[in-house]
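Structure assessment
Listed below, chain by chain, are the residues.
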Amino acid sequence: MIVKSKQKILLAFPLAIFILFLSACSNTNNVLKQPLSEAEKIKIATCPTCFAMTQKLDSEKYQLIPTTSTAQSIALLQSGQVDLILAGRTLKPEEPILDSLIIKEGYSFLAKEEIIIYSSDLANYQIYTDLDVASLKTSLEIENIEPVDDVYQYLNQGIIITSWENTDYHRANLAHILENNGKRVNLSRRPTVYCAQACDQKAQDIATLLK
């Protein structure tokens, strides 16, 4: 009888170890699946132009902070309330120099004074550009575009379209191009991730997800 009891114990021991192993694995998986707290999530300030595109981000990992403007987003970043910001334009001279990752390209619409123009009214303006005219006519579906060498010489005569790299806020102001429903025309913005320090892997992951 003692021998049989020992045999039962020897047979039961590996089974007990196996059960404990499965239990440990299960507990580990449960820990890994625990949702992040609000404090652990990556906080992203996003202006109205870019808010819609951020809806594809995982809400379990990212916390979106809607702002009314890029300027407000920058203020939150500088105060440490957010980790990153997502904006649709280049930074102005009075704003801090921030590391950035471009998500999508777009055109810079500029005017002598800051104005709002609905896309359906673009045909009423003479437009000057230093970019490829054929591409602009196709993408914007307008014909009144004239190629010039220095767009800033034509600010008094109409709207100018140039690259974001050539955008000079000292010489011109933004022309806000809107759809009839009030949303910005996608091509009139260049969605960009801005970082307080050098953009790290977290920022690169977000830029990749939003492309």
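Residues numbered from 1 in each chain as written. Predicted model: local features only at pLDDT ≥ 70, side-chain atom pairs only at ≥ 80, totals over all residues. Heavy atoms only, no water.

**Re the sheet that holds strand β5 (residues 108-111)**
Put simply, the rule is: A strand pair is defined by DSSP finding two or more bridges across the two strands. Labels follow the DSSP assignment, with helices taken as runs of H or I lasting at least four residues and strands as runs of E lasting at least two, numbered in each case from the N terminus. For helices, the fitted line uses only the C-alpha atoms of the stretch in contact; every axis is such a line through C-alpha atoms, and the angle between N-to-C directions lies from 0 to 180 degrees.
Across the sheet, six strands lie side by side as β6-β10-β5-β9-β7-β8; this open sheet has mixed pairing. At either margin of the open sheet sits one strand with a lone partner, and together these are β6 (115-118) and β8 (145-147). The mean angle between the axes of side-by-side strands here comes to 35°, regardless of whether they run parallel or antiparallel. Here three bridges tie strand β7 (residues 127-129) to strand β9 (residues 159-162), and the two strands are oriented parallel to one another. Residue Ile 127 lies in a different strand from β9, and its bridge partner there is Ile 159.

**Comments concerning the pattern of salt bridges**
Spelled out, the test is: The term salt bridge refers to a side-chain nitrogen of Lys or Arg lying within 4 Å of a carboxyl oxygen of Asp or Glu.
Following the criterion strictly, the structure yields five salt bridges and no others. A single network of salt bridges, built from pairs that share partners, joins Glu 105, Glu 165 and Arg 190.

**Examining the environment of Asn 186**
Note the following rule: When a residue's accessible area, from a 1.4 Å probe over protein chains only, is under 20% of the maximum for its type it is buried; when over 50% it is exposed; and in between it is partly exposed.
Note that Asn 186 resides in the loop between β10 (173-178) and β11 (192-195). Judged by its relative accessible area of 68%, Asn 186 is exposed. Taking C-alpha positions, Asn 186 is 8.4 Å from Thr 49, a pair spaced 137 residues apart along the chain.

**Examining the packing of aromatic side chains**
Under the convention used in this document: Here the aromatic set is Phe, Tyr and Trp, taking the six-membered ring for Trp, and pairing holds for ring centres within 6.5 Å; pairs whose planes are under 30 degrees apart are stacked, those over 60 apart are edge-to-face, and all others are tilted. Cation placement over rings: the criterion is NZ of Lys or CZ of Arg within 6 Å of the ring centroid and within 35° of the ring normal.
Per the stated rule, a full pass over the model turns up one aromatic pair. Where Tyr 128 meets Tyr 154, the ring centres are 4.7 Å apart and the plane angle is 25°; that geometry is what we call stacked. A residue pair is termed long-range when its members are at least 10 positions apart, and Tyr 128 in strand β7 and Tyr 154 in the loop between β8 and β9 qualify at 26 residues. For Tyr 154, a relative accessible area of 22% translates into the label partly exposed. Over the face of the ring belonging to Tyr 169 we find Lys 92, whose NZ or CZ atom lies 5.8 Å from the ring centre.

**Examining helix α5 (residues 201-210)**
The cut-off we apply is this: By arc we mean the arc of the directions from the helix axis to the C-beta atoms, nothing more. Any pair of residues with heavy atoms lying within 4.5 Å of one another is described as a contacting pair. N or O atoms within 3.5 Å of each other form a polar contact, as long as, within protein, one can give a hydrogen and the other can take it, and as long as residues adjacent in sequence are counted only when both atoms are side-chain atoms.
Those residues of α5 that sit buried are Ala 203, Ile 206, Ala 207 and Leu 210. The arc that holds every buried residue of α5, seen down its axis, measures 100°, which confines them to one face. At its buried positions, α5 is contacted by β1 (42-46), β2 (62-66), β3 (84-87), β4 (99-102) and β11. One side-chain oxygen of the residue at the start of α5 lies 3.2 Å from the amide nitrogen of Lys 202, identifying that residue as Asp 200.

**Describing the state of the cysteines**
Note on terminology: a disulfide is the covalent bond linking the sulfur atoms of two cysteines. How we decide: The term disulfide is used for any two cysteine sulfur atoms that are within 2.5 Å.
Within the structure shown, the criterion is met by one disulfide. Across the disulfide, Cys 195 is cross-linked to Cys 199 (sulfur-sulfur distance 2.1 Å). Every disulfide takes its handedness from the sign of the S-S torsion; for Cys 195 and Cys 199 that torsion is 105°, giving right-handed. On the accessibility criterion, Cys 195 (3% relative accessible area) is buried. Cys 47 takes part in no disulfide bond, and the closest cysteine sulfur to it belongs to Cys 50, at a distance of 4.3 Å. Residue Cys 47 is classed as buried on the basis of its relative accessible area, which comes to 4%.

**Quick look at the sheet that holds β4**
In any sheet, the strands associate via hydrogen bonds between backbone groups, in a parallel or an antiparallel arrangement. The mixed open sheet is built from five strands, whose spatial order is β2-β1-β3-β11-β4. Whereas interior strands pair on both sides, the edge strands pair on one side only; in this sheet they are β2 and β4. When the angles between neighbouring strand axes are averaged without regard to direction, this sheet yields 25°. Summarising the sheet, β1 and β3 pair through three bridges and their orientation is parallel. Directly across from Thr 46, in β3, lies its bridge partner Leu 86. Docked against the sheet, helix α3 (residues 70-78) engages β1, β2, β3 and β11, running at close to 170° with respect to β3. In the packing of α5 onto the sheet, the strands contacted are β1, β2, β3, β4 and β11, and the crossing angle to β11 comes to about 170°.

**Brief notes about the side chain of Ser 108**
On the secondary structure map, Ser 108 appears in strand β5. Among the polar contacts made by the side chain of Ser 108, one reaches the side chain of Thr 167 at a distance of 2.7 Å. Other than its neighbours up to four places away in sequence, Ser 108 contacts Ile 160, Ile 161, Thr 162, Ser 163, Trp 164 and Thr 167.

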